[in-house]
Amino acid sequence: MSTYRDLTQRGSARGTVLRTIGTRERRSHLSAPRVPTVGIDIGGTKVMAGVVDADGVILEKIKTETPDKSKSAKVVEDTIVELVLDLSDRHDVHAVGIGAAGWVDAERATVLFAPHLAWRNEPLRDALESRLAVPVMVDNDANTAAWAEWRFGAGRGEDHLVMITLGTGIGGAILEDGRVKRGKFGVAGEFGHMQVVPGGHRCPCGNRGCWEQYSSGNALVREARELAAADSPVAYNIIERVKGNVPEITGPLITELAREGDAMCVELLQDIGQWLGVGIANLAAALDPSCFVIGGGVSAADDLLIGPARDAFRRHLTGRGYRPEARIAKAQLGPEAGMVGAADMARLVARRFRRANRRRLERHERYERYAQALRGGTEGRPSRTPQDPQS
């Protein structure tokens, strides 16, 4: 029978092992091979691939259009392979990292669901490894972007970081002590589908009142187009800019006009920013990070968006005035963050490729020594034939 002391010592030993494993995982990027890897960012409209070195520097970058989601998963796989092989012609590639806009399982091997592609329980990692002959890592694109910002961008030095990507919708990622928190099933970080307005706007996910319906590129454009379609006096400037063609109103156009001082566009970005701040306050109550990094295309509005977000965050933060406030920073790596992060995360599995190459080299060297020994043993024998390698 185990005594209390035995159980205590056993628990202490197990805790030490777990802490050791956690430390090893946190420091694994420091011991990863400093070799070039390929990062691929797959979005709804483009596939971006690049060779990235160990310092996060992009050595070469190429792009192509994302295959239509009506096409088979094989077509997307072919696109990825073509990009990697193209880059491999000019670079010594040791691993490939994929950042996909979709749900990826906790093993980082299977894309469970991708809204813009024909991926449903797609075993992407194994399919690509069999064709590329190098290790492949698959993860959600928000996770790879967050990793890049933590390693090389606005989140450097932070132990508890939350990334929020504002694009068509809202994506997100959580990093704690240098590890991406994926949850039990690999789909953590879907912040955009937190309900902030019960019974609010219908979301493509099927629910109502999701956060991304009030703070995203889609929300920004929807509000501007509604005002323009209603021929609102405050929308005359933007109506004139698109010559009355309301569908041509886009997020970048709204940001451009806001920078020029258009009152309606400034107000729309303030509204989006305030909803952003409300959501960040909710995440702070749940996760208590030290830093929020705001990325994605909408973050290009800079302080027109992030300023109102900071104000709303302070107003809605639980325990405001009696707790430290998390820092809110704009992402630094821009649209390449997902690609850079995917490449850097792939470096963690690149050692498998190096080990395989080393074993291949060792086998070759053993064969050469064996062949030399055989050749040495036949020296001086008169029975050599013209087919003998030494003849």
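Everything quoted here is computed from the prediction, not taken from an experiment.

**Student:** In this structure, what is going on with the environment of E149? I would like to understand it.
**Tutor:** Within the secondary structure, E149 sits in helix 4 (residues 141-152). In sequence terms E149 and G295 are 146 residues apart; their C-alpha atoms lie 9.4 Å from each other.

**Student:** Help me understand the side chain of S216 in this model?
**Tutor:** Here S216 lies in the loop between strand 11 (179-180) and helix 5 (217-229). Residue class for S216 comes out buried when judged on its relative accessible area of 0%. A polar side-chain atom of S216 sits 3.5 Å from the main-chain carbonyl oxygen of T168. Among the polar contacts made by the side chain of S216, one reaches the main-chain amide nitrogen of A219 at a distance of 3.2 Å. Apart from the residues within four sequence positions on either side, S216 is in contact with G167, T168, G169, I170, I272 and V298.

**Student:** How do you make sense of the sheet that holds strand 3 (residues 58-65) when you look at a structure like this?
**Tutor:** Sheet strands pair via backbone hydrogen bonds, and the direction of the pair is either parallel or antiparallel. Strand order in the open sheet formed by five strands is 3-2-1-4-8, and the pairing between neighbours is mixed. Looking at strand neighbours, the two that pair on one side only are strand 3 and strand 8 (136-140), the edges of this open sheet. For this sheet the average axis-to-axis angle between neighbouring strands, irrespective of direction, equals 15 degrees. Across seven bridges, strand 2 (residues 46-52) lies against strand 3 in antiparallel orientation. Considered in strand 3, the bridge of V52 is made with I58.

**Student:** Is there a simple way to explain the pairing of strand 2 in this structure?
**Tutor:** Looking down a regular strand, the side chains alternate between one sheet face and the other. Burial analysis of strand 2 places six of its seven residues in the buried class, the great majority of the element. Across six bridges, strand 1 (residues 37-42) lies against strand 2 in antiparallel orientation. Across the sheet, the residue bridging to T37 is V52, located in strand 2. The turn linking strand 1 back onto strand 2 is made up of three residues.

**Student:** Could you clarify how one ought to interpret the sheet that holds strand 5 (residues 103-104) in this entry?
**Tutor:** Here three strands make up an open sheet; going across it, the order is 5-6-7 and the pairing antiparallel. Two strands close off the open sheet at either side, each with one partner strand: strand 5 and strand 7 (120-122). Pairing geometry for strand 5 and strand 6 (residues 111-113), over two bridges, is antiparallel. What sits directly across from V104, in strand 6, is V111.

The rules behind the values
- Residues numbered from 1 in each chain as written.
- Predicted model: local features only at pLDDT ≥ 70, side-chain atom pairs only at ≥ 80, totals over all residues.
- Heavy atoms only, no water.
- Helix = DSSP H or I, 4+ residues; strand = E, 2+ residues; numbered from the N terminus.
- Buried < 20%, exposed > 50% of the residue type's maximum accessible area, 1.4 Å probe, protein only.
- Polar contact = N/O pair within 3.5 Å; in protein donor to acceptor, adjacent residues only side chain to side chain.
- Contact = heavy atoms within 4.5 Å.
- Pairing = 2+ DSSP bridges.
- Axes fitted to C-alpha atoms, helices over the stretch in contact; angles between N-to-C directions.

All we've got here are geometric facts, nothing functional implied.
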